[in-house]
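Here's the letter readout for the chains.
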Amino acid sequence: MANNNNTQEKERVIIKFLILGGSQSGKSKTLLRYADNIFENQHIITIGVEFRIKYIDDLDPNYRLCLQMWDKYRGCERFRSTPHTFYRNASAIFVLFDVTDRESFNYVKEELKGIPHTSECIHEVYIVGNKIDLESKRVISREEAIQFAQDNAAKYYEISAKENINVHQMFDEVGKALFYKKINDPNFTNAKPTSSAPPPKSYCIIQ
Ligand SMILES: Nc1nc2c(ncn2[C@@H]2O[C@H](COP(=O)(O)OP(=O)(O)OP(=O)(O)O)[C@@H](O)[C@H]2O)c(=O)[nH]1
Ligand SMILES: [Mg+2]
């Protein structure tokens, strides 16, 4: 394929990320920080299925990375189960907790238990300590979290959605690695976009 400098004409390579974690761990703020680089203090409960799109254009002359990032579906917590369709085709799952809240750290185990391990759900898992700007209130040490992540075959990141610490680095790093893995896979075939118009920035399905 000839090199293509027009990003709108590049083929999209879609990578699906899921952001999981207990209530108020900061899932929505982390997503907003990454997608729109904003942070607003008030907590608005996520009550539906929400996802945002983020493009990274400068990785390859022919393909653009399209990160499809899904926020946790709160309704699922009530029933302690999440539909398998939510996990389907996810390449990476980020399980957030609040470093100032042990309950939210304990909840990570519940999220890990709920992740299906089937052939259509092959993904990498990352455990993410959020709110590291609140260092004086921290109750989960970095060492404890790293040990927990290792015990669960996961990588650990620490971030602050509020102070914009490590959020972009984390998603960029994982997204780029998965993108190159995908386009360099000998079996890679990519469906061409059906329209040159970009998709909407986010969708929200209210229950
Ligand atoms: N100090 C600090 N507060 C944060 C940070 N991230 C989120 N918060 C606050 O934590 C609260 C919850 O954030 P959300 O992003 O709405 O949490 P959520 O996990 O999406 O919550 P649910 O949708 O209810 O599951 C809000 O009041 C945020 O302002 C952070 O990095 N630092
Ligand atoms: Mg939310």
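- The name an unreviewed UniProt entry gives the protein chain is Rab GTPase, with Polysphondylium violaceum as the organism.
- The UniProt entry for the protein chain carries the following comment under Sequence similarities (unreviewed entry): "Belongs to the small GTPase superfamily. Rab family."

## A few points about the overall build of the protein chain
No. 1: In terms of helices and strands, the protein chain carries six helices and seven strands.
No. 2: Each helix and strand of the protein chain, ordered N terminal to C terminal, gives the series β-α-β-β-α-α-β-α-β-α-β-α-β.
No. 3: Looking at the protein chain as a whole, 33% of its 207 residues are labelled buried.
No. 4: For the protein chain, long-range pairs separated by at least 24 residues make up 75% of all intrachain contacts whose partners lie at least 6 apart in sequence.

## Description of helix H6 (residues 167–183)
No. 1: In a regular helix each residue adds 1.5 Å, so 17 residues correspond to 24 Å; H6 covers 24 Å between its end C-alpha atoms and thus fits that length.
No. 2: Of the positions making up H6, those classed as buried are Val-167, Phe-171, Val-174, Gly-175, Leu-178 and Phe-179. One side of H6 carries all its buried residues, which in axial view fall inside an arc of 135 degrees. Among the exposed residues of H6, those pointing more than 90 degrees away from its buried face are Gln-169 and Lys-181.

## Structural notes on the nonpolar core
Considering soluble globular proteins, one finds that nonpolar side chains tend to be buried as a cluster.
No. 1: Grouped together as the largest cluster of nonpolar side chains are 41 residues, with contacts concentrated most on Phe-17, Leu-18, Ile-19, Ala-92, Phe-94, Val-95 and Val-128.
No. 2: Secondary-structure elements contributing two or more residues to this core are strand E1 (11–21), helix H1 (27–36), strand E3 (63–71), strand E4 (90–98), helix H4 (102–114), strand E5 (124–130), helix H5 (142–151) and H6.
No. 3: Among all residues touching Phe-17, those that are not within four sequence positions of it are Leu-67, Met-69, Trp-70, Ala-90, Ser-91, Ala-92 and Phe-94.

## A closer look at the pairing of E1
No. 1: Bridging between E1 and E3 involves nine bridges; their strand directions are parallel. The residue bridging Val-13 from the neighbouring strand is Leu-65, located in E3.
No. 2: In terms of strand pairing, E1 meets E4 through six bridges, oriented parallel. Bridge pairing in E4 places Phe-17 opposite Ala-92.

## Observations regarding unusual backbone geometry
No. 1: Positive phi, close to 70 degrees, is recorded for Gln-24, a residue that is not glycine.
No. 2: With respect to the helices and strands, Gln-24 occurs in the loop between E1 and H1.
No. 3: The exposure class of Gln-24 is partly exposed, given the 17 C-beta atoms found within 10 Å.

## Things to note about the pairing of strand E6 (residues 155–158)
No. 1: As defined by bridge partners, E5 adjoins E6 across four bridges and the pair is classed as parallel. By the bridge assignment, Val-128 is partnered in E6 with Tyr-157.
No. 2: Regarding the hand of the β-α-β motif, the stretch spanning E5, H5 and E6 is right-handed.

Calculation criteria
Residues numbered from 1 in each chain as written. Chains lettered and ligands numbered in written order. Predicted model: local features only at pLDDT ≥ 70, side-chain atom pairs only at ≥ 80, totals over all residues. UniProt positions renumbered as here; feature names shortened; annotations may be inferred. Helix = DSSP H or I, 4+ residues; strand = E, 2+ residues; numbered from the N terminus. Buried ≥ 20, exposed ≤ 12 C-beta atoms within 10 Å, placed from the backbone. Contact = placed C-beta atoms within 7 Å. Expected span 1.5 Å × (residues − 1). Arc of directions from axis to C-beta. Core = buried A, V, L, I, M, F, W, Y, C linked by C-beta atoms within 7 Å. Pairing = 2+ DSSP bridges. Right-handed = clockwise from strand over helix to strand, strands pointing away.

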